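Report on the structure
Chain by chain, the residues run as shown.
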Amino acid sequence: MRVGFIGLGNMGQPMAANILDAGYPLTVHDTRRQTGRELEGAGAAWAEGPKAVAVRSEVVFTSLPGTEAVEQVVLGDNGVFAGLAAGTTYVDTSTIAPSAARRISALGAERGLRVLDAPVSGGIFGARDATLTLFVGGDAADLELVRTVLETIGGKIVHAGPAGAGNVIKLINNLMMYVNFIGACEGVAMSARAGIDLQLLLDAVTASMGQSRIFERTLSLFLNNAQMGATTDLAVKDMCLGVELGSELGVPLDVSTPVRDLIVRFRDGGDRGQDEFTDMIPDLLRRSGVDV
């Protein structure tokens with residue numbers, strides 16, 4: 001199966017590399033030409049635009065920052081849908097509005113294309129190690145046609161339901177994650193102010209009911225002077241989409257809405273829009289009077 005991959009950022013690059021390592025013929029594209037050099041060296045082909053990728057592929061993946069970028073890359077005159085042949089498949093691993101995923105799927109169906117929204121969870125470590133979780137929206141039969149390719153990038157593939165359902169679960173997942181993360185930040189700051197060693201806190205809470213994967217991952221990285229490779233801008237985007245979805249569904253988000261506002265405030269609190277969202281840990285420590 002000939003595979004195309006568009007969007008070679010922190011997530012897309014390792015996902016594309018894993019597809020290539022699995023032996024699939026791969027064509028790649030990104031707006032930044034240099035990002036394709038390493039994959040080319042490993043055997044991938046470079047294409048000059050999304051349409052050119054699609055013409056050479058039986059299944060095309062995208063990994064892009066958000067809804068607007070996906071719509072431009074897929075639906076534009078030089079887009080993926082302009083190049084894919086009827087009966088081929090488009091898989092979007094980006095996190096976008098579920099309504100946009102449904103619209104893209106409907107437009108693809110009009111062209112005789114199979115369309116899946118398959119946002120991923122697991123971060124750059126999961127992308128690198130091919131252990132991502134994929135939340136897949138779309139027809140179950142279409143999923144089965146490309147399952148073997150999906151298995152090269154993810155350890156767990158969840159068929160969420162019809163078009164857009166993958167993004168619904170992804171937004172719920174991220175909304176819960178960021179709520180947990182803010183609670184973890186406050187717990188870390190309280191521990192530091194109380195004189196509790198943060199490694200001790202990590203060991204104690206990891207074995208207790210306050211444990212969460214985001215707490216364990218982010219505090220471990222902080223203690224090792226490392227980062228996740230996830231920007232605050234993307235955190236804001238995901239939380240805004242999640243709160244909008246809650247509003248559409250008529251669910252009162254008494255906790256998630258202020259968490260969104262806290263992350264927006266952090267992003268807007270200076271020239272740090274591209275900072276890691278995990279930088280909220282040292283930021284809160286400093287504001288709590290702790291010498292980071």
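Let me begin by describing the structure that accompanies this report. Note that the coordinates shown come from a computational prediction; the quantities given were computed from them, not determined experimentally.

1. Things to note about the overall build of the protein chain
- Looking only at helices and strands, the protein chain features 14 helices and nine strands.
- A globule of 292 residues ought to have a C-alpha radius of gyration of about 19 Å, and the protein chain, at 20 Å, matches this closely.
- Overall size of the protein chain, expressed as C-alpha extent along the three principal axes, is 60 × 45 × 35 Å.
- Counting across all 292 residues of the protein chain, residues that qualify as buried make up 49%.
- The contacts of the protein chain with a sequence gap of at least 6 include a subset with a gap of at least 24, amounting to 63%.
- Just so you have it, the protein chain exposes about 13300 Å², and 51% of that area is on carbon and sulfur atoms.
- Computed over 24 positive and 34 negative side-chain charges, the inter-centroid distance for the protein chain is 2 Å.

2. A short note on the packing of aromatic side chains
- All told, the structure shown has four aromatic pairs when counted by the stated rule.
- With 5.0 Å between their ring centres and 85° between their planes, Phe181 and Phe277 make a pair best called edge-to-face. On the criterion of sequence distance, the pair formed by Phe181 in helix α9 (residues 165-193) and Phe277 in the loop between α13 (256-268) and α14 (280-287) is long-range, its members being 96 residues apart. Here the two residues Phe181 and Phe277 agree in accessibility, since each one is buried.
- Pairwise contacts between aromatic rings join Tyr178, Phe181 and Phe277 into one cluster.
- Of note, Arg33 hangs over the ring of Trp46, and the distance from its end group to the ring centre comes to 4.1 Å.

3. What about empty space enclosed by the protein?
- If you walk through the whole model with that rule in mind, you get one cavity of 30 Å³ or more.
- Counted as a void, the largest cavity has a volume near 70 Å³.
- Among the elements of the structure, β5 (89-92), α6 (98-110) and β6 (114-117) are those that each provide at least two residues to the lining of the largest cavity.
- The residue makeup of the lining of the largest cavity, split by class, is eight nonpolar, two polar and two charged.

4. Focus on the layout of surface pockets
- Its boundaries defined by the atoms lining it, the second largest pocket holds a volume of some 190 Å³.
- Taken together, eleven residues make up the lining of the second largest pocket; nearest its centre are Leu262, Arg265, Met280, Asp283 and Arg287.
- Looking at the lining of the second largest pocket, the elements that each hand over two or more residues are α9, α13 and α14.
- The element contributing the most residues to the lining of the second largest pocket is α14, with four residues.

5. Remarks on the nonpolar core
- Ranked by size, the top nonpolar core spans 31 residues in total, and within it Phe181, Val188, Phe215 and Ile263 carry the most contacts.
- Those elements giving two or more residues to this core turn out to be α9, α10 (198-206), α11 (213-223), α12 (232-249), α13 and α14.
- Here this core gets eight residues from one element, more than from any other, and that element is α9.
- The residues contacting Ile263, other than those within four sequence positions of it, are Tyr178, Ile182, Thr232, Ala235, Val236, Met239 and Met280.
- In this structure, Leu20, Tyr24, Leu39 and Trp46 belong to the second largest nonpolar core, which totals 29 residues.

6. Some thoughts on unusual backbone geometry
- A positive phi angle, close to 60°, is found at Ala130, a residue other than glycine.
- Looking at the element boundaries, Ala130 is found in the loop between α7 (123-129) and β8 (132-137).
- In this structure, Asn225 is a non-glycine residue whose phi angle is positive, near 55°.
- By the element assignment, Asn225 lies in the loop between α11 and α12.
- Given the relative accessible area of 75%, Asn225 is considered exposed.

Definitions and cut-offs
Residues numbered from 1 in each chain as written. Predicted model: local features only at pLDDT ≥ 70, side-chain atom pairs only at ≥ 80, totals over all residues. Heavy atoms only, no water. Helix = DSSP H or I, 4+ residues; strand = E, 2+ residues; numbered from the N terminus. Rg over C-alpha atoms; globule rule 2.2 N^0.38 Å. Buried < 20%, exposed > 50% of the residue type's maximum accessible area, 1.4 Å probe, protein only. Contact = heavy atoms within 4.5 Å. Areas by Shrake-Rupley, 256 points an atom, 1.4 Å probe, with all protein chains shown as cover. Lys, Arg positive; Asp, Glu negative; His and termini not counted. Charge placed at Lys NZ, Arg CZ, Asp CG, Glu CD. Phe/Tyr/Trp six-rings, centres within 6.5 Å; stacked < 30°, edge-to-face > 60°. Lys NZ or Arg CZ within 6 Å of the ring centre and 35° of its normal. 1 Å grid on protein atoms, 1.4 Å probe; cavity = no way out; pocket = protein on both sides within 12 Å on 5 of 7 lines; lining within 4 Å. Points joined across faces, edges and corners; volume = space filled by probe spheres on them. Nonpolar A, V, L, I, M, F, W, Y, C, P; charged D, E, K, R; others polar. Core = buried A, V, L, I, M, F, W, Y, C linked by side-chain atoms within 4.5 Å.

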